[in-house]
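The chain contents come next:
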Amino acid sequence: MKKLSARRRHPLAAVVVLLFALAATGGLYAAFAPATKAQADDTSQSLAIDEGKKLYAVGCASCHGTGGQGTSDGPSLVGVGSAAVDFQVGTGRMPAATSEGPQVVKKKNIYSQAEIDQLAAYIASLGAGPTVPTSAQYGPEGADIAKGGELFRTNCAQCHNFTGKGGALTKGKFAPDLEGVDPKHIYEAMQTGPQNMPSFPDTTLSEQNKKDVIAYLNAVNSDETNNPGGLELGGLGPVTEGLFAWIFGLGALIAVAVWVAARTAKAKKS
C-alpha cells in the first residue's frame, strides 16, 4: 500500500492521468460526433421537406395533385427528382401561367433559391430521380470544347441550331435559345428532358459529355468569340445564309440581267 501511495504522489502521476483523460475524451468524441452530425443533417432535411410540402400545397397541388400523383392538368411528379424541380421552377416555367398553348415558356421565377431547394427536397422524397448537379459537374474545369461541339451537333443541333440559337418545331412549339442560360439549368435539362426535349441520362451522355457540351455552348456564345467567316447572320446556319444568297445574290443577278436587256433594246432602237 505504501508503494502504491508513493506512486500516486509521483510528480508525473498527474500528467499521466491528464493524458489518459484526454485520450479517452478524444476516443468518445470520434465515436459519437459523426452520429450527431448525421442526426443534424437528417433533421435539416426533414425540415426542408416539411417546408417544401407547404409550398407545394399552395403553388403546385392544384395541377399536380395533393401527393404529386398528377391530374388531368399536370403530370405526376413521383420520380422526377430534384433536378427537374430546380430546372422548371428556377427558370420560371413552373408554376405555369396557363395550361393552354403549345408549350410552357421561360419567365421570371417567383421563388427564392432556398424555397426552390425546399420544393425540390419534397418532390425528391416522393420517389428517386435525377439530383441537382454540383458546380463541379457543369463547371468548365477539365471540359473538352471540341468534343462538346461534336456531341452538340450530333444530338442537339437539329432543334437548337448548331450554335444553340434555338429553332421552330411543329405545331407552334420551339427549341429555346441557349445563350445566357445558367449552365446548371442546361445540365438539368439534359438530365430530365423537359417538355419536347429528350432526356440524356448518364448512360447516353456521361457526366463528362454534359460538361463538354456546356463548355462548347459557353464558347460559341461568348462575347469574345470571333467569327472567322465574317458576318454571322445571326448564327442561324444554312437557312438564313441561303435566304440571304437567294434574296440579295439572285436579286442582284436579276437586276443586272434586266439592265443589260434594257440597254440592248435601247441600242437596237437607236
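Peer 1: Mind showing me how you'd approach the state of the cysteines here?
Peer 2: Working definition of a disulfide: a covalent bond connecting the sulfur atoms of two cysteines. Throughout the structure, instances matching the rule amount to zero disulfides. No disulfide involves Cys159; its sulfur sits 8.7 Å from that of Cys156, the nearest cysteine. The exposure class of Cys159 is partly exposed, given its relative accessible area of 36%.

Peer 1: Mind showing me how you'd approach the pattern of salt bridges here?
Peer 2: Two side chains carrying opposite charge are able to pair once their charged atoms lie near each other. Overall, the coordinates contain five salt bridges when judged by the stated rule. Of the charged contacts in the structure, one is a salt bridge between Glu51 and Lys54, with a shortest N-O distance of 3.4 Å. Of the two residues, Glu51 and Lys54 are both situated in helix 2 (residues 13-59); the distance of three residues between them amounts to about one turn of the helix. The partly exposed category is assigned to Glu51, whose relative accessible area is 34%. Here Asp202 ties to Lys210 by a salt bridge, and the two come within 2.9 Å at their closest N and O atoms. By relative accessible area, which is 0% here, Lys210 ends up buried.

Peer 1: Explain the packing of aromatic side chains to me, please; I cannot follow it from the model alone.
Peer 2: The description of an aromatic ring pair rests on the distance of the ring centres and on the angle between the ring planes. Within the structure shown, the criterion is met by two aromatic pairs. Look at Phe152 and Tyr216: their rings are 5.7 Å apart centre to centre, the planes differ by 40°, and that puts the pair in the tilted class. Separated by 64 residues along the polypeptide, Phe152 in helix 7 (residues 145-155) and Tyr216 in helix 10 (residues 207-220) bring together distant segments of the chain. Judged on exposure class, the residue Phe152 and its partner Tyr216 are both buried.

Peer 1: Would you explain the side chain of Lys211 in this entry?
Peer 2: Residue position: Lys211 is located in helix 10. Although Lys211 is buried, it makes no salt bridge; Glu141 carries the closest opposite charge, 4.9 Å away. A distance of 3.0 Å separates the side chain of Lys211 from the backbone oxygen of Gly139, its partner in a polar contact. If near-sequence neighbours (up to four positions away) are discounted, Lys211 is found in contact with Ala136, Gln137, Gly139, Glu141, Gly142 and Ala143.

Calculation criteria
Residues numbered from 1 in each chain as written. Predicted model: local features only at pLDDT ≥ 70, side-chain atom pairs only at ≥ 80, totals over all residues. Heavy atoms only, no water. Disulfide = S-S within 2.5 Å. Buried < 20%, exposed > 50% of the residue type's maximum accessible area, 1.4 Å probe, protein only. Salt bridge = Lys/Arg side-chain N within 4 Å of Asp/Glu carboxyl O. Helix = DSSP H or I, 4+ residues; strand = E, 2+ residues; numbered from the N terminus. Phe/Tyr/Trp six-rings, centres within 6.5 Å; stacked < 30°, edge-to-face > 60°. Lys, Arg positive; Asp, Glu negative; His and termini not counted. Polar contact = N/O pair within 3.5 Å; in protein donor to acceptor, adjacent residues only side chain to side chain. Contact = heavy atoms within 4.5 Å.

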